[in-house]
Amino acid sequence: MGRIIGITSHLGGVGKTAATLNIGMCLATMGHSVLLLDGDPLAGLALAAGLERRSDRGLYQFLNGAIALEDTIHASRKNGLGLVRTGVTEPAHVHALERRTGWERLWQAVRDLAGQCDYLLIDTGCGHSTLNTLLLGCADSVVMPLPCRTLAVKSLPLFLRFLLRLRQTVQPDLRFAGAIFSMVDSLNPYELEIMTDLRQGFPAATFFSTVIPLDRAFEKAAAHGVPVGLFREYDDLARGYADLATELVQRDRKLQHKGGSSEQPDPLF
Ligand SMILES: Nc1ncnc2c1ncn2[C@@H]1O[C@H](COP(=O)(O)OP(=O)(O)OP(=O)(O)O)[C@@H](O)[C@H]1O
Ligand SMILES: [Mg+2]
């Protein structure tokens, strides 16, 4: 079965969706089969991939018996890459998903999808919403884009407690694959100082070595509804995501070999 990796954060607008889309494309380019699950009711991933916000072809509709699981997968033109919608586009859907269908059925559906690919990447909305609890409860590991800003770092412990609670209550095998320094402004000395302090203050495995720079190219890519790496002029950014994808595969393999909940917990938890 494929690995299920949640890309998540306590904060909005930190590059979760950009990371999901671009890492997903790199993994597919490397020859893996990849499904991206848009777990944000605002449908950020679908929009970033050039699709409409609303969809009646998602997990919600599958769990209501309206469509087959296969029909939740939107194939892309890129070999080995598909996008799955939750079909949850209204607040009422989130409640219905939670109350009527039950987490176990959602868990099973996500597992069944993961059975069809090597990697299933879940792009969540920010924070510790019910939907995030449901979706991350299905994941094997999580990755967190982290901006090098004081308030982002100060509010991090609360989110780590949320992940710890998920592990204690719904998914004992959930692992922390690492934080990715995201949208880093290399001209801002305060950001660089925060990054250095964090790297020195935590075990090396806590943070990916590859850093995602702040770059206006992302707005252009978003406007076109494509991964930034598809633009030839941004091949440096594409290379960065390829490095991230390689690191993610290596880190995730290590976590797999560490085994389940009986092993030592990861340092950040
Ligand atoms: N490295 C970057 N440099 C500059 N802009 C970026 C970068 N990554 C993403 N962006 C832009 O910043 C905005 C937020 O990025 P993105 O949607 O990936 O964040 P998010 O964490 O998924 O946000 P949300 O919490 O709203 O889902 C988007 O307009 C995106 O195009
Ligand atoms: Mg997003």
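Residues numbered from 1 in each chain as written. Chains lettered and ligands numbered in written order. Predicted model: local features only at pLDDT ≥ 70, side-chain atom pairs only at ≥ 80, totals over all residues. Heavy atoms only, no water.

Okay, empty space enclosed by the protein next. Taken as a whole and judged by the stated rule, the model has one cavity of 30 Å³ or more. A volume near 40 Å³ is recorded for the largest cavity. Lining the largest cavity we find Asp38, Asp40, Ala43, Arg53, Arg85, Thr86, Gly87, Val88 and Thr89. (1 Å grid on protein atoms, 1.4 Å probe; cavity = no way out; pocket = protein on both sides within 12 Å on 5 of 7 lines; lining within 4 Å. Points joined across faces, edges and corners; volume = space filled by probe spheres on them.)

Moving on, we come to the nonpolar core. In summary, soluble globular proteins display a tendency toward joint burial of nonpolar side chains. Leu59, Leu120 and Leu163 are the most contacted members of the largest nonpolar core, which has 46 residues in total. Sort the elements by how many residues they give to this core and helix H8 (residues 156-169) lands first, with six residues. Within the second largest apolar cluster, 35 residues are counted, among which are Ala48, Leu83, Ala221 and Ala245. (Core = buried A, V, L, I, M, F, W, Y, C linked by side-chain atoms within 4.5 Å. Buried < 20%, exposed > 50% of the residue type's maximum accessible area, 1.4 Å probe, protein only. Helix = DSSP H or I, 4+ residues; strand = E, 2+ residues; numbered from the N terminus.)

Our focus in this paragraph is the side chain of Ser9. One can find Ser9 in the loop between strand E1 (3-7) and helix H1 (16-29). A distance of 2.8 Å separates a polar atom in the side chain of Ser9 from the backbone nitrogen of Leu11. When sequence neighbours within four positions are dropped, the list of residues in contact with Ser9 reads Val14, Lys16, Thr124, Gly125, Cys126, Gly127, Met144, Pro145 and Phe159. (Polar contact = N/O pair within 3.5 Å; in protein donor to acceptor, adjacent residues only side chain to side chain. Contact = heavy atoms within 4.5 Å.)

Turning next to the sheet that holds strand E5 (residues 119-124). Sheet strands associate in pairs through backbone hydrogen bonding, adopting either a parallel or an antiparallel arrangement. One open sheet holds the seven strands; their spatial order is E3-E4-E2-E5-E1-E6-E7, and the pairing between them is mixed. Looking at the sheet topology across the chains shown, the edges are occupied by strand E3 (73-75) and strand E7 (175-181). This sheet shows a mean twist of 25° between the axes of neighbouring strands, independent of strand direction. For strand E2 (residues 34-39) and E5, the ladder comprises six bridges, and the chain directions are parallel. Considered in E5, the bridge of Leu36 is made with Leu121. Sitting on the sheet, helix H11 (residues 235-258) is in contact with E1, E5, strand E6 (141-146) and E7, with an inclination near 160° to E7. (Pairing = 2+ DSSP bridges. Axes fitted to C-alpha atoms, helices over the stretch in contact; angles between N-to-C directions.)

It is worth spelling out the pairing of E7 at this point. Counting buried residues along E7, seven of its seven residues qualify, which places the element largely inside the surrounding structure. When E6 meets E7, the two strands line up parallel, connected through six bridges. The residue of E7 that forms the bridge with Val143 is Gly178.

The next subject is the environment of Gly12. Here Gly12 is to be found in the loop between E1 and H1. For Gly12, a relative accessible area of 47% gives the class partly exposed. Measuring from C-alpha to C-alpha, the distance between Gly12 and Leu163 comes to 17 Å, with 151 residues separating the pair along the chain.

Further remarks concern the confidence of the model for the protein chain. When pLDDT is averaged across the protein chain, the result is 90; 95% of the residues are at 70 or more. Every residue in residues 260-269 scores below 50 in pLDDT, and together they form 26 contacts with partners more than four places removed in sequence or on other chains. (pLDDT = per-residue confidence, 0-100.)

Around ligand 1, the surrounding shell holds 16 residues, and the nearest of these are Lys16, Thr17, Ala18, Pro213 and Glu219. The contact in question runs from an oxygen atom of ligand 1 to an N or O atom on the side chain of Asp40, over 3.5 Å. Between ligand 1 and Asp215 there is a distance of 2.9 Å, counted from a nitrogen atom to a backbone nitrogen or oxygen. Look at ligand 1: alone it shows 620 Å² of surface, and the protein chains cover 77% of it. With respect to the detected pockets, ligand 1 is housed in the largest pocket. Grouping the constituent residues of the shell around ligand 1 by class yields eight nonpolar, four polar and four charged. (Near = heavy atom within 4 Å. Areas by Shrake-Rupley, 256 points an atom, 1.4 Å probe, with all protein chains shown as cover. Sits in = over half its atoms within 2 Å of the grid points. Nonpolar A, V, L, I, M, F, W, Y, C, P; charged D, E, K, R; others polar.)

A few words now on the pattern of salt bridges. Per the stated rule, a full pass over the model turns up eight salt bridges. Each of the salt bridges in this network shares a partner with another, and the network as a whole consists of Arg3, Arg111, Asp140 and Asp252. (Salt bridge = Lys/Arg side-chain N within 4 Å of Asp/Glu carboxyl O.)

A complete count under the given rule lists zero disulfides for this structure. Cysteine Cys26 remains unbridged, with the sulfur of Cys117 as its closest cysteine sulfur at 17 Å. Exposure remark for Cys26: the relative accessible area of 10% places this residue in the buried category. Among the cysteines around Cys117, which has no disulfide bond, Cys138 carries the closest sulfur, lying 13 Å off. Accessibility expressed as a relative area gives 7% for Cys117, which makes it buried. (Disulfide = S-S within 2.5 Å.)

Right, let's get into the layout of surface pockets. There is about 610 Å³ of room inside the largest pocket. Around the largest pocket sit 31 residues that line it, and Gly15, Thr17, Ala18, Met183 and Glu219 are the ones nearest its centre. Breaking the lining of the largest pocket down by element, the ones donating at least two residues are H1, helix H2 (44-48) and helix H10 (217-224). Residue composition of the lining of the largest pocket, grouped by class: 17 nonpolar, nine polar and five charged. Roughly 360 Å³ of volume is contained in the second largest pocket. Lining the second largest pocket we find 17 residues, and of these Ala49, Ser76, Arg77, Lys78 and Leu81 sit closest to its centre. Listing elements by their share of the lining of the second largest pocket, those giving two or more residues are H1, E3 and strand E4 (81-85). Of all the elements, E4 adds the most residues to the lining of the second largest pocket, at three residues. Broken down by class, the residue content of the lining of the second largest pocket amounts to eleven nonpolar, four polar and two charged.

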